[in-house]
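# Structure at a glance
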Amino acid sequence: MGAGTGVALAVVLLAACGSSPVSTVGELDFANPLRIPPLAEPDRNGDQVTFSLEFQAGTTQFLDGPATRTWGLNGSYLAPTLRARVGDQVTVHVTNNVDESTTLHWHGMHLPASEDGGPHQMIQPGATWSPSWTVNQPAATLWFHPHLHEHTAEHVYRGAAGMFILDDPNADELNLPDTYGVDDIPVIVQDRSFSSDNQFTRREPANTGILGDQILINGTHNPHIEVTTELVRLRVLNASNGRLYNLRFDDHRPYHLIGTDSGLLSAPVELTDLRMAPGERAELVVTMRPGERAVLQSVEPDLGTSSGGRGNGGHDSFDLLQLRAADHLESSATLPDQLVPINGPDTAEVVETRSFELGNDTINGNKMDMERVDLAVENGAVEIWEITNDHSRPHSFHPHLIHFLVLDVDGHPPPPHLTGWKDTIYVPPDQTIRVIARFDGYPDPTVPYMFHCHILQHEDDGMMGQYVVIESGSTPPDRIDLSDDHQGGH
Ligand code: C2O
Ligand code: CU
Ligand code: CU
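## Digging into the overall build of the protein chain
When its secondary structure is counted, the protein chain shows four helices and 35 strands. In summary, the protein chain has a C-alpha radius of gyration of 22 Å against a globular reference of 23 Å for 490 residues, a match within 12%. With respect to the three principal axes, the spread of C-alpha positions in the protein chain is 65 × 65 × 50 Å. Out of the 490 residues in the protein chain, the part that is buried amounts to 59%. If you sum the accessible surface of the protein chain, you get close to 18,100 Å²; carbon and sulfur atoms cover 47% of it. For the protein chain, the distance from the average position of its 28 positive side-chain charges to the average position of its 68 negative side-chain charges is 5 Å.

Laid out in structure tokens, this is it:
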């Protein structure tokens, strides 16, 4: 075989693997105003807050030419942003108006397993499921998305997902930018590929499942936002199926990270780059000067893989969103030096340490089984979970119910951006991350919580397990009785 043929073959193979680097840097003109998901208007009666969400199929105009067939909640793509305060008693009526059974999971929410919206709470077409819980966790940027057995990736890729903002008095006092859509902006980042007739397609196979070559922010392709204040808070949610990002501005300007998945940090952390895995959230505050333009990008995220990220998007770069500052900017309150106290459990309280080994498509050698109880945690217990990526593939880890603090990363204290409350964490190949959490809550031996890799194709391929929270001293169940599963009929 001649050298020319070899090169041609290599090019074909790279293209077939979806692994040739993608870059949209410098290629966008940011013509489209960023869509801001509307804030849902709940029925409020004192602290009883009732929302209604409806899964629907429709079409969405992302690109010039044909519209794209999509799913959304109360709209054709994504969902209204839900917002509630600590102490609120939330009920959400979730109606399935698509022709497949699905679920809606409250990612990061501290609530009973029966209200969690995982694979055991299927909502049949035509049915309404009405979970209800009291918000009892710190202010944070959470989200919601379908979470069914083996088909989460598909349903999320179609567009059914949204943001859920929680408020509390500690956060109120900080004078952070908090006018929704003005100086407090949701930034839902998703990668998609489009067919020649503008339908969502998958470039396959990548090690991380679906990787798209175009970016949508809040469902807007090629977006810009007009900025009218000196400080802008960006609530970034990586709602992509499998893509990691490295958030950076085109001029490398520093910004402040003020919050991670499940709460504000104890103090702002100045960064120029931040890696975000699927499911993670980051609240950033950026300072703008009058009249300027700045582009939020994702530049070659370091996946910590030996291949340097080839095949996983580690060489890909994107222009995400252009910020256009007005010629006159309203002044903003100074960002405080201190944010909120973070009082995590003490290692002296730990009653159990458990290990989770992330393999090719298994956790501790097992694939997801809807009936198997992988572990039982006693109500109120403080545990250390030690998560190791034993494989060369990128993986992450997300337990339901709890938020955790990182104790160490490969034996080293966590870097400043990992010192706040987290519920999802990237675990690079050959690394071990130890986290600590208190499992406070809602004992119920009949309904499990999930833990899983949040690269959705991996989750669907079986990288998920189940745990129950039981009363202390009680006997863990042998199996989950699937006839107890909620069938979405009330
Ligand atoms: Cu974002 Cu188990 O979920
Ligand atoms: Cu979750
Ligand atoms: Cu994984």
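## Remarks on the coordination of the copper ion (ligand 2)
Coordination sphere of the copper ion (ligand 2), protein contribution only: His105 (NE2) and His398 (NE2), at 1.9 to 2.0 Å. Of this pair, His105 sits in strand 7 (residues 105–107) while His398 is found in strand 30 (residues 395–399), placing the two residues 293 residues apart along the sequence. For His105, a relative accessible area of 1% puts it in the buried group. When its relative accessible area of 0% is taken as the criterion, His398 is described as buried.

## Things to note about the packing of aromatic side chains
Evaluated as defined, the whole model comprises 22 aromatic pairs. Centre to centre, the rings of Phe356 and Phe397 are 5.2 Å apart; their planes meet at 50 degrees, and the pair counts as tilted. You can see Phe356 sitting in strand 27 (residues 350–358) and its partner Phe397 sitting in strand 30, a full 41 residues away along the chain. For the pair Phe356 and Phe397, a shared accessibility class is recorded, and that class is buried. Aromatic pair Phe356 and Phe451: ring centres 5.2 Å apart, planes at 70 degrees, arrangement edge-to-face.

## A look at the pattern of salt bridges
Under the criterion given, the structure shown has 24 salt bridges. With a closest N to O distance of 2.9 Å, Asp167 and Arg83 form a salt bridge. Of the two residues, Asp167 is situated in strand 11 (residues 162–167) and Arg83 in strand 5 (residues 82–85); the sequence distance between them amounts to 84 residues. With respect to burial, Asp167 and Arg83 carry one shared label: buried. The closest approach of N and O atoms between Arg235 and Glu283, which form a salt bridge, is 3.4 Å. Here Arg235 is found in strand 19 (residues 231–238), whereas its partner Glu283 is found in strand 24 (residues 281–287), with 48 residues between them in sequence. Like Glu283, Arg235 is buried.

## Some words on the side chain of Thr60
Among the secondary structure elements, Thr60 is positioned in strand 3 (residues 48–60). Assessed through its relative accessible area of 12%, Thr60 is described here as buried. Of note is the side chain of Thr60, whose polar atom sits 2.7 Å from the side chain of Ser76. Filtering out sequence-adjacent residues up to four positions away, Thr60 remains in contact with Ala67, Thr68, Thr70, Ser76 and Tyr77.

What counts and what doesn't
- Residues numbered from 1 in each chain as written.
- Chains lettered and ligands numbered in written order.
- Predicted model: local features only at pLDDT ≥ 70, side-chain atom pairs only at ≥ 80, totals over all residues.
- Heavy atoms only, no water.
- Helix = DSSP H or I, 4+ residues; strand = E, 2+ residues; numbered from the N terminus.
- Rg over C-alpha atoms; globule rule 2.2 N^0.38 Å.
- Buried < 20%, exposed > 50% of the residue type's maximum accessible area, 1.4 Å probe, protein only.
- Areas by Shrake-Rupley, 256 points an atom, 1.4 Å probe, with all protein chains shown as cover.
- Lys, Arg positive; Asp, Glu negative; His and termini not counted.
- Charge placed at Lys NZ, Arg CZ, Asp CG, Glu CD.
- Donors = N, O, S within 2.8 Å, 3.2 Å for Na, K, Ca; no water.
- Phe/Tyr/Trp six-rings, centres within 6.5 Å; stacked < 30°, edge-to-face > 60°.
- Salt bridge = Lys/Arg side-chain N within 4 Å of Asp/Glu carboxyl O.
- Polar contact = N/O pair within 3.5 Å; in protein donor to acceptor, adjacent residues only side chain to side chain.
- Contact = heavy atoms within 4.5 Å.

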